[in-house]
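# Descriptive structure summary
Take a look at the letters that make up each chain.
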Amino acid sequence: MTDLLALVVQQSINGIYLGCLYVMVALGLTLIYGVLNQINFAHADFVTVGAFAAFFTVTRLGTKLLGLPDTAAYLLSMVTALGVGAGLGLAINAAVFAPLRERGDELRPLIATIGVSVLLENFQLWLFGPIPFQFDSPFSRETIRIGRIFFTAQSVLVVAVSAVSIAALYAFMKFTFLGKALRAVAQDRETAGLMGINPNLLIALTIVIASALAGMGGALLGPVLVLTPFAGATVIVKSFAIVIIGGFGNVQGTIIAGLLVGVIEAFTVQYLGSGLIDLVVFVLLLVMLVVRPTGLIAERKEENV
Amino acid sequence: MSARTVGFVIAVLVVGALPWLLQAPYWRGILVLCAMNVLLAISLNLVLGYTGQLNLGQSAFFAIGAYVSTILVKTYAWNFWAASLAAVAAAGLLGLALAAFAVRLRGHYLAIASLGFAVITYQVLVNWEKVTEGVRGIYGVLPPVGSMVGLFYLVAGIALAVYVLIDNLVRSPVGDTLRAIREDEVSAASLGINGALWKAFAFGLGAAIAGLAGCFYPGFVGTLVPDAFNIIESFTMMAMVIVGGMGTMIGPVIGAIVLTFLPELLRDFGEFRLMVYGLALTLVVLFMPGGIVQAWRTLAGRQWHT
Amino acid sequence: MAYLKAANISKSFGGVHAVQNVSIEVPENSIFALIGPNGAGKSTLLNLLSGIYQPDAGQLVFQEQNLIGLPAYRRARLGLARTFQKIRLFRQLTLLENVRAGFHIHQSEPFWKHLALGSVGRFDAEARELLDFVGLGSRANERAGALPYGKQRLLEIARALATRPRLFMLDEPAAGLNASEVDFLLDRLTEIGRRGITVVVVEHNMDLVMNVAHRVFVMDHGEALFEGTPREVQDNPRVIEAYLGGEFAA
């Protein structure tokens with residue numbers, strides 16, 4: 001294998017690993033947008049909260065209180081983070097989306113969730129302080145080597161977990177009654193209501209699933225991120241870029257765009273330096289908005305007057 | 001004398017008296033900050049409140065005003081006022097450029113595009129070290145006038161002048177046009193209104209006013225670092241507009257004053273400033289969508305008026 | 001010579017032919033009614049005429065001026081005004097502000113005057129006259145969204161008249177109106193016609209159509225079915241068939 005090829009493969013693997021993490025977060029945004037036509041700006045803060053929940057599960061609950069081995073504690077932390085995320089989803093639906101839905105305004109819910117995001121970040125700042133937490137996954141220590149390509153067991157875990165959750169989500173949407181109902185609500189809320197589906201319940205369910213994904217994403221991202229109360233802010237801007245590039249509400253587009261952004265990020269780090277990641281991703285976003293504002297794969301809708 | 005003239009005279013008197021009511025240097029500093037926030041709130045309100053465009057990138061125009069004016073003064077030895085004029089023009093033109101394509105985008109897409117613009121601006125400030133000094137920052141920036149009281153009078157005077165001009169504008173037929181676009185762009189078009197043009201106009205004017213506020217910021221603080229123009233600054237401006245009452249002239253001014261002073265009064269209780277902003281933003285949207293102004297009108301039982 | 005002329009225009013949405021190969025000629029100073037069963041493509045045709053949609057094919061000419069490619073706001077400046085089937089008022093604004101916004105294209109004051117003086121050139125008096133014309137003069141400072149449904153339709157008419165149209169298109173102006181409101185609307189439409197404004201009206205209310213229209217154009221399934229005077233339309237077997245079981249039979 002030549003040096004260049006090895007480098008390209010290595011960076012592609014790093015990129016896919018990152019991309020999987022972004023997909024977990026961006027998918028939630030897209031799911032919520034699909035059924036509700038709303039953006040949860042605090043979505044990525046759920047990732048941070050999930051990461052902190054996972055951190056304390058590993059360092060306190062898992063190892064100290066329950067006396068679990070490192071690996072078991074980390075796996076447990078993923079479950080905790082998932083639960084915490086789901087709880088936050090329930091809360092934000094009850095507090096913001098449900099009350100504001102009646103008023104049919106597209107800006108107010110977004111503004112309200114920006115408020116929630118600012119609140120969550122600064123509440124965590126007050127709780128945890130600004131100094132980054134060192135969050136090591138036991139799987140990060142194990143390196144796997146194939147030829148000249150290196151990757152950690154953590155990256156295998158991340159790719160596996162996100163692939164499984166994305167596949168599970170996909171199967172759920174495609175094959176179960178609830179999933180079909182969800183898609184019906186996404187397409188046409190009134191018709192879905194006529195079919196005997198309670199759209200409010202399904203919207204709540206969607207937000208909970210999306211938020212649980214974000215929370216678990218936190219447990220997986222924790223060891224990658226610099227874990228501070230503002231960790232989510234760097235993720236949210238990229239997630240927005242991903243959902244726009246993929247086309248809002250489009251699940252397949254989001255997956256492709258997430259992986260793409262991950263790979264672009266990996267190569268940007270390699271060739272341009274890590275300081276330019278946001279710049280590159282957002283220039284791509286703006287170009288995308290100019291060229292194809294409906295996303296990579298999308299159909300046009302004409303406004304009904 | 002009309003009610004407006006009375007209001008104007010009272011505002012002038014209050015501005016004149018404030019530095020003497022709050023004599024501690026710390027509070028005089030807060031007064032300057034408050035006057036700058038009033039300008040920023042007016043600028044965002046023009047875009048968000050009057051044309052309904054959710055611009056999350058207002059911090060970027062604030063930054064452009066600050067950096068362009070400071071670099072022209074420090075590196076090219078321009079006169080402060082000439083540099084400020086150039087900075088305002090730069091912010092306004094960049095605003096127009098962003099608006100030129102962003103006005104085609106609706107609601108959420110515009111929000112994200114403007115957020116993206118703010119992220120890009122911030123990253124350029126950090127990475128273009130040859131010009132901006134990056135995270136090291138630019139030090140020893142002098143204010144246009146020597147004393148804190150003088151600076152307050154200057155910024156507050158400008159804020160007052162901008163208020164009067166924008167107030168005139170929104171009372172004029174232009175105001176009817178902007179509000180019409182906010183309410184329903186399709187039916188505005190049926191009346192011959194070119195929505196894209198007027199939205200870009202409001203966006204550019206708002207950007208220019210934010211840039212104007214930015215000209216005074218570095219001299220006030222003495223240093224200029226990219227972190228002063230983080231995305232969070234866009235959110236704090238938004239909180240001022242929303243809490244005060246968007247789409248009214250006086251609302252965002254009240255919001256700016258309340259949200260500048262309230263966190264200062266709470267300072268003894270720790271670092272609650274941004275928590276207050278976040279909480280206020282959410283609670284007001286949920287329970288008092290018209291902000292303080294609407295709450296007051298409801299209490300006073302006055303008839304609806306925009 | 002037709003005042004407004006559409007030749008062979010078509011529009012599809014995702015494979016559905018909403019309007020197919022339709023040609024109409026609206027004579028000047030006439031009241032021209034577009035009727036047809038639900039889903040016949042009347043509203044789409046109106047949206048094509050007013051510029052909400054651009055046709056896939058065909059020609060559109062108003063006073064010898066080509067309309068194809070012109071956005072809605074440019075057509076309004078040529079003298080085309082409209083109302084909407086699903087009422088689209090500026091709900092948070094007052095009635096007066098709604099109508100004032102309609103005078104946008106007649107502003108001639110320079111921009112600096114707006115900045116320096118505020119409320120110059122606001123057409124307040126003219127706006128109040130139009131509100132009086134639709135019987136809403138006493139409610140000028142109320143919020144448009146708070147008006148009862150029937151009054152909202154009238155306000156939309158006043159707002160569109162503020163553009164001083166030469167051709168006025170109304171999309172189901174009588175929908176949701178009670179009998180006395182329909183009478184008032186009928187009277188106002190006749191008066192608008194008398195003032196030299198050409199009227200194109202999409203309507204289900206046959207009473208209204210038969211009483212005010214000079215020409216009636218019938219559509220069905222996106223295509224032209226028949227055109228003639230109200231009497232000819234009433235007697236035409238094909239029209240009756242298209243409407244059978246529909247509101248016409250009632």
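Residues numbered from 1 in each chain as written. Chains lettered and ligands numbered in written order. Predicted model: local features only at pLDDT ≥ 70, side-chain atom pairs only at ≥ 80, totals over all residues. Heavy atoms only, no water.

### So, the overall build of chain C
To keep things clear, this is the line we draw: In this text, helices come from DSSP runs of H or I with a minimum length of four residues, and strands from runs of E with a minimum of two, each type numbered from the N-terminal end. The reference for a compact globule is 2.2 Å times residues^0.38; the radius of gyration itself is calculated from the C-alpha atoms. Partly exposed describes any residue whose relative accessible area lies between the buried limit of under 20% and the exposed limit of over 50%, with all areas from a 1.4 Å probe on protein chains only and scaled to the type maximum.
For chain C, the count of helices and strands is 10 helices and 10 strands. Scaling as 2.2 N^0.38, a compact globule of 250 residues should have a C-alpha radius of gyration of about 18 Å, and chain C matches this with 19 Å. The dimensions of chain C, computed from C-alpha atoms along their principal axes, are 60 × 40 × 35 Å. Residues counted as buried form 56% of the 250 residues belonging to chain C.

### Structural notes on the interface of chain A and chain B
Rules: Any two residues whose heavy atoms approach within 4.5 Å are treated as being in contact. Summed over both partners, the accessible area lost on bringing two parts together, with a 1.4 Å probe, is the buried area. Pairing of N or O atoms within 3.5 Å defines a polar contact, subject to two protein rules: one partner must be a possible hydrogen donor and the other a possible acceptor, and residues neighboring in sequence count only if both atoms are side-chain atoms. Charged residues are taken to be Asp, Glu, Lys and Arg, nonpolar residues to be Ala, Val, Leu, Ile, Met, Phe, Trp, Tyr, Cys and Pro, and polar residues to be all remaining types, Gly included.
Tallying the contact residues gives 41 residues for chain A and 37 residues for chain B. When chain A packs against chain B, close to 3700 Å² is buried across both sides, 78% of that on carbon and sulfur atoms. Here chain A is connected to chain B by 5 residue pairs in polar contact (both at pLDDT 80 or more). Secondary-structure elements contributing two or more residues to the side of chain A that touches chain B are helix H3 (70-101), helix H4 (107-128), helix H9 (231-246) and helix H11 (277-291) of chain A. Broken down by element, the side of chain A that touches chain B gets its largest block of residues, 13 residues, from H4 of chain A. Looking at the side of chain A that touches chain B residue by residue, the classes come out as 31 nonpolar, 5 polar and 5 charged.

### Section: the nonpolar core
The cut-off we apply is this: We define a nonpolar core as any set of buried Ala, Val, Leu, Ile, Met, Phe, Trp, Tyr and Cys residues linked to one another through side-chain atoms lying within 4.5 Å.
Counting residues in each nonpolar core, the largest one holds 199 residues, and the members touching the most others are Phe229 and Met238 of chain B. Residues within four places of Met238 of chain B in sequence aside, it is in contact with Ile111 and Ile114 of chain A together with Leu44, Leu48, Leu54, Leu56 and Leu281 of chain B. Counting residues in hydrophobic clusters, the runner-up holds 52 residues, among them Ile87, Leu147, Leu155 and Ile197 of chain C.

### Remarks on the sheet that holds strand E7 (residues 167-171) of chain C
All names here are of chain C. This is how it is decided: Note on pairing: two strands pair once DSSP finds at least 2 bridges between them. Lines are fitted to the C-alpha atoms to define the axes, a helix being fitted only along its stretch in contact, and any angle between axes, read from their N-to-C directions, falls within 0 to 180 degrees.
With mixed pairing, the 6 strands of this open sheet are ordered in space as E6-E7-E8-E3-E9-E10. Unpaired on one side and paired on the other, strand E6 (80-82) and strand E10 (223-228) mark the two borders of the sheet. Neighbour-to-neighbour, the strand axes of the sheet open up by a mean angle of 20°, direction not taken into account. In the sheet, strand E3 (residues 31-35) pairs with strand E9 (residues 215-220) via 4 bridges, with the strands oriented parallel.

### Focus on the domain arrangement of chain C
All names here are of chain C. Here is the rule: Boundaries between domains were set according to an automatic or database domain assignment. Criterion for a salt bridge: a side-chain nitrogen of Lys or Arg within 4 Å of a carboxyl oxygen of Asp or Glu.
On domain assignment, one finds that chain C holds domain 1 (1-76 + 167-173 + 199-250) and domain 2 (80-164). The C-alpha-based centres of domain 1 and domain 2 are spaced at 27 Å. Each partner contributes residues to the interface: domain 1 has 17 residues there, and domain 2 has 11 residues. Across the domain 1 to domain 2 interface the summed buried area is about 1300 Å²; carbon plus sulfur atoms make up 58%. Per-residue buried area on domain 1 facing domain 2 is highest for Ala76, Phe168 and Asp171; these three make up 38% of the total on that side. Run the count over domain 1 and domain 2 and you get 1 salt bridge. Applying the counting rule to domain 1 against domain 2 returns 8 residue pairs in polar contact (both at pLDDT 80 or more).

### A word on the packing of aromatic side chains
Within a pair of aromatic rings, the relevant descriptors are the distance that separates the centres and the angle that separates the planes. Put simply, the test is: Aromatic contacts are taken between Phe, Tyr and Trp rings whose centres are within 6.5 Å, Trp giving its six-membered ring; a plane angle under 30 degrees counts as stacked, one over 60 as edge-to-face, and the others as tilted. Criterion for a charge above a ring: Lys NZ or Arg CZ within 6 Å of the ring centre, and within 35 degrees of the ring normal.
One pass over the full model with this rule turns up 29 aromatic pairs over all chains. Seen in terms of ring centroids, Phe62 of chain B and Phe229 of chain B are 5.3 Å apart; in terms of plane orientation they differ by 70°. Their pairing is edge-to-face. Residue Phe62 of chain B is located in helix H3 (residues 58-74), and its partner Phe229 of chain B is located in the loop between helix H10 (195-221) and helix H11 (231-244); the two are separated by 167 residues in the primary sequence. Their ring planes at 45° and their centres at 6.0 Å tell us that Phe152 of chain B and Tyr153 of chain B sit as a pair that is tilted. The exposure class of Tyr153 of chain B is partly exposed, given its relative accessible area of 31%. Taken together, Phe52, Phe55, Phe56, Phe128 and Phe133 of chain A form an aromatic cluster joined through their ring pairs. The side chain of Arg88 of chain C reaches across the aromatic face of Phe84 of chain C, ending 5.8 Å from its centre. For the cation-ring pair, Arg159 of chain C lies above Phe90 of chain C, with the distance from its terminal atom to the ring centre recorded as 4.5 Å.

### With respect to the pairing of strand E2 (residues 149-152) of chain A
Residue and element names in this part refer to chain A. Here E2 shows a buried face lined by Ile149 and Phe151 and an unburied face lined by Phe150 and Thr152. Pairing between strand E1 (residues 143-146) and E2: 4 bridges, direction antiparallel. Among the inter-strand pairings, Ile146 is bridged to a residue of E2, identified as Ile149. A loop of 2 residues connects E1 with E2, the two strands running antiparallel in sequence, and Gly147 in this loop sits at a positive phi of about 60°.

### Here's the deal with the sheet that holds strand E2 (residues 16-26) of chain C
Residues and elements named next belong to chain C. With antiparallel pairing, the 4 strands of this open sheet are ordered in space as E2-E1-E4-E5. Edge strands, defined here as strands with exactly one partner in the open sheet, are E2 and strand E5 (65-66). Where strand E1 (residues 4-13) and E2 come together, 7 bridges link them in antiparallel fashion. Across the sheet, Ile9 pairs through a bridge with Val22, a residue of E2.

### Some details on helix H2 (residues 25-51) of chain B
Residues and elements named next belong to chain B. Filter applied, for reference: For a helix, the expected span equals 1.5 Å multiplied by the residue count minus one. To get the bend at a residue, fit one axis to the 7 residues ending there and another to the 7 starting there, then take the angle between the axes.
Helix length check: H2 (27 residues) gives 39 Å between terminal C-alpha atoms against 39 Å at 1.5 Å per residue, within 8%. Most pronounced at Asn45, the bend in H2 amounts to some 40°. Of the residues trailing H2, Gly52 is marked for its positive phi of about 70°.

### Here we look at the state of the cysteines
This is how it is decided: Cysteine sulfur pairs qualify as disulfides if the two atoms are within 2.5 Å.
Applying the stated rule across the entire model yields 0 disulfides over all chains. For the unlinked cysteine Cys215 of chain B, the closest cysteine sulfur is that of Cys34 of chain B, found at 19 Å.

### Some points on the environment of Ala6 of chain A
Here Ala6 of chain A lies in helix H1 (residues 3-36). A sequence separation of 218 residues divides Ala6 of chain A from Val224 of chain A, and the C-alpha atoms of the two residues are 23 Å apart.

### Overview of the packing of helix H8 (residues 173-183) of chain B against H10 of chain B
All names here are of chain B. For the record, the criterion: Orientation categories follow fixed angle ranges, with anything under 35 degrees roughly parallel, anything over 145 roughly antiparallel, 65 to 115 roughly perpendicular, and all other angles oblique.
Between H8 and H10, the shortest axis-to-axis distance is 10 Å and the interhelical angle comes to 110°. In this view, H8 runs roughly perpendicular relative to H10, as classed from their interaxial angle. Note on element contacts: H10 touches H8 through Gly195, Trp198, Lys199, Phe201 and Ala202, opposite Val174, Thr177, Leu178 and Ile181. Grouping the amino acids of the contact of H8 with H10 by side-chain chemistry returns 6 nonpolar, 2 polar and 1 charged.

### Observations regarding a nonpolar patch on the surface
Our working definition: Exposure above 30% relative accessible area and the lack of any salt bridge qualify a residue for a patch; like charges then connect within 9 Å, and the nonpolar side chains Val, Leu, Ile, Met, Phe, Trp and Tyr within 5 Å. Surface exposure here means Shrake-Rupley accessible area, sampled with a 1.4 Å probe, where a residue is shielded only by the protein chains that are shown.
Together, Leu4, Val8, Tyr271 and Leu272 of chain A make up an exposed nonpolar region whose accessible area comes to about 400 Å². Inspection of the secondary structure assignment puts Leu4 of chain A in helix H1.

### So, H3 of chain A
Three or four residues apart is the spacing at which side chains of an α-helix point the same way, because the helix has 3.6 residues per turn. Across its 32 residues, H3 of chain A extends 44 Å between first and last C-alpha, which sits within 8% of the 46 Å expected from 1.5 Å per residue. Approximately 45° is the largest bend angle found in H3 of chain A, and it occurs at Asn93 of chain A.

### Looking at unusual backbone geometry
Residues and elements named next belong to chain C. In this structure, Glu64 takes a positive phi of about 65° despite not being glycine. For Glu64, the position within the fold is in the loop between strand E4 (57-62) and E5. Phi is positive for Arg164, close to 55°, though the residue is something other than glycine. Relative to the assigned elements, Arg164 resides in the loop between helix H6 (149-161) and E7. Assessed through its relative accessible area of 45%, Arg164 is described here as partly exposed.

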